[in-house]
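Summary of structural features
The chain contents come next:
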Amino acid sequence: MAPFPKTAIFNYYGPATRDTVPEFDDTAVLVSSPGDLAEVELPLRDLRTSEGGSSSSPLETIHDSSSHEEIKASLDVLGFTAFRHSSALQAPPFTARSWLSKELLTQNYFPEVNAYLRGALGATFVHCFTYALRCQTSHEDVSAKSVSDNGPIKRVHCDFSEYGAWKLLQNVIALDAVHAFDPEGLVPEAAKGKQVPPPMEQYSGRRWAIYSFWRPLEPVKRDPLGVCDPRSINRNTDMLEMKRGYPAIGETQAPFEFGALLYRPPLGGDERHQHRWFAISEQQPDEVLMIKLYDTERDRPYRGKYSDETTRVAPGIPHVSFELPGTQHQEPRRSIEIRALVVF
């Protein structure tokens, strides 16, 4: 497999001024106008070349699916993890077209992801609330409300802000299906209150998080998915919240307002905040990249095998699809993402 280049171009919200907060519309995370895009060349670290312990950190690698301790630690410390995971849809009698069937996904793939997250993370409740198939090279119809069959998102973002995550939780709780899956009331009662989000320094309910379970359907030849170490982000200056609409997640529900995050380029001169990017070269269909989108434990002290006195639990992290030079002629990347609400 060909290794990644040492650097890559990442698309940020720009210019890098910090004195104004822009107004966004629903398409801001999907498309870019010439005046609000900053292309920044930054170092790129390949998680594949870290296999076998060559990385300075045992978490910055591709794990076996059974390495639950390392997978949990990676999510807590880095906000992302990579591991091998097979699906029944990858073997006969299923075919490549099986991934395009919502019925087959809900009957086969959703339960697989649910079971794996329960076992690997020790979760008490998991609800896979939506999925995204990406089989195009760009968002050809950015006005579409469906999350299926879109192209890669090529602007650095995180799907949920604090406000957005709690608005999503409220809407997930309203689903009849969740009541059926949650007979003991494990979903936090705080989400049913009027204040969204509640004061997090006072929050003492169950820990819950939102994750993306992302895998390619074919070996990735173009537009790989990059993830950023949140410890390298200056959240006071680099992060912007945008309010936008979220598609209905149940047949009886309507779209609702939520919040997502966009990111500015790193400011020069601060080596701590130079945005450390990772990806997997030629990522394979049995290699999952799992990304944290929100966590109520974020910024609280992390106590685990890979901690020191300063380690904090990672928040939802920036991620983006980036271009590899010379790959424009390749077929569009095909991938599937499951987004899951996880309660511990």
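Predicted model only: the values in this text are computed from it and were never measured. (Residues numbered from 1 in each chain as written. Predicted model: local features only at pLDDT ≥ 70, side-chain atom pairs only at ≥ 80, totals over all residues. Heavy atoms only, no water.)

1. As for the sheet that holds strand E12 (residues 287-295)
Strand order in this open sheet of 6 strands is E3-E4-E12-E7-E14-E5, and the pairing throughout is mixed. A single partner strand is all that each edge strand has here, and the edge strands are strand E3 (62-63) and strand E5 (125-134). Of the strands in this sheet, E3, strand E4 (80-84), strand E7 (208-216) and E12 touch helix H1 (residues 68-77), which is tilted by about 155° from E4. Here helix H3 (residues 162-173) sits on the sheet in contact with E5, E7, E12 and strand E14 (335-343), set at roughly 90° to E7. (Pairing = 2+ DSSP bridges. Helix = DSSP H or I, 4+ residues; strand = E, 2+ residues; numbered from the N terminus. Contact = heavy atoms within 4.5 Å. Axes fitted to C-alpha atoms, helices over the stretch in contact; angles between N-to-C directions.)

2. Focus on the environment of Thr7
If you trace the backbone, Thr7 turns up in strand E1 (residues 7-13). With relative accessibility at 32%, the residue Thr7 sits in the partly exposed group. Expressed as a C-alpha distance, the spacing of Thr7 and Pro43, which sit 36 residues apart in the sequence, is 4.2 Å. Setting aside chain neighbours within four positions, we find Thr7 in contact with Glu41, Leu42, Pro43 and Leu44. Within the structure, the side chain of Thr7 is placed 2.6 Å from the side chain of Glu41, a separation counted as a polar contact. (Buried < 20%, exposed > 50% of the residue type's maximum accessible area, 1.4 Å probe, protein only. Polar contact = N/O pair within 3.5 Å; in protein donor to acceptor, adjacent residues only side chain to side chain.)

3. Overview of the pairing of strand E8 (residues 225-228)
In E8, alternate side chains face the same way, and those of Leu225 and Val227 on one face and Gly226 and Cys228 on the other are all buried. Inspection of the sheet shows E8 paired to strand E13 (residues 319-321) by 3 bridges, in the antiparallel sense. Following the sheet pairing, Gly226 is matched in E13 by Val320. By the bridge criterion, 2 bridges tie E8 to strand E11 (residues 277-279) in an arrangement that is antiparallel. Opposite Val227, over in E11, you have Phe278 as the bridge partner.

4. Quick notes on the packing of H1 against helix H2 (residues 102-121)
Describing two packed helices takes the angle between their axes plus the distance from one axis to the other. Axis separation between H1 and H2 bottoms out at 9 Å; the angle between their running directions is 90°. Classed by the angle they form, the pair H1 and H2 counts as roughly perpendicular. Contacts between H1 and H2 involve His68, Ile71, Lys72 and Leu75 from the first element and Tyr116, Gly119, Ala120 and Leu121 from the second. Residue classes in the contact of H1 with H2 are distributed as 5 nonpolar, 2 polar and 1 charged. (Parallel < 35°, antiparallel > 145°, perpendicular 65-115°, else oblique. Nonpolar A, V, L, I, M, F, W, Y, C, P; charged D, E, K, R; others polar.)

5. Things to note about the side chain of Arg333
Mapping Arg333 onto the fold places it in the loop between E13 and E14. For the buried Arg333, which has no salt bridge, the nearest side chain bearing the opposite charge is Asp223, at an N-O separation of 6.0 Å. Separated by 3.3 Å, the side chains of Arg333 and Ser335 make a polar contact. (Lys, Arg positive; Asp, Glu negative; His and termini not counted. Salt bridge = Lys/Arg side-chain N within 4 Å of Asp/Glu carboxyl O.)

6. Digging into the nonpolar core
Ranked by internal contacts, the top residues of the largest apolar core, which has 45 residues, are Leu47, Phe160, Trp208, Ile210, Leu289 and Leu341. Looking at which element gives the most residues to this core, the answer is H3, with 6 residues. Ignoring any residue separated from it by four or fewer positions in sequence, one finds Leu341 in contact with Phe125, Val126, His127, Phe129, Leu169, Val172, Trp208, Ala209 and Ile210. Core analysis: the second largest hydrophobic core is formed by 28 residues, Phe83, Tyr116, Leu117 and Met290 among them. (Core = buried A, V, L, I, M, F, W, Y, C linked by side-chain atoms within 4.5 Å.)

7. Let's talk about the confidence of the model for the protein chain
The predicted coordinates of low-pLDDT regions are not to be read in fine detail. Chain-level pLDDT for the protein chain is 83 on average; 78% of the residues reach the 70-or-more range. Below a pLDDT of 50 lies the segment residues 139-149, which in the model reaches 22 contacts outside its immediate sequence neighbourhood of four places, other chains included. (pLDDT = per-residue confidence, 0-100.)

8. Focus on the environment of Thr49
Mapped onto the elements of the fold, Thr49 is located in the loop between strand E2 (37-46) and E3. Along the backbone, Thr49 and Pro3 are 46 residues apart, and their C-alpha atoms lie at a distance of 7.8 Å. A polar contact is formed between the side chain of Thr49 and the backbone oxygen of Asp46, at a distance of 2.8 Å.

9. Focus on H2
Along H2, the helix axis deviates most sharply at Tyr109, where the bend reaches about 30°; the proline Pro111 sits within four residues downstream. Residues of H2 that are buried: Leu105, Asn108, Tyr109, Phe110, Glu112, Val113, Asn114, Tyr116, Leu117, Ala120 and Leu121. Looking at the buried positions of H2, the neighbouring elements they touch are H1, E4, E5, E7, E12 and E14. Phi for Gly122, located one or two positions after H2, is positive at around 70°. (Bend = angle between axes of the 7 residues up to and from the residue.)

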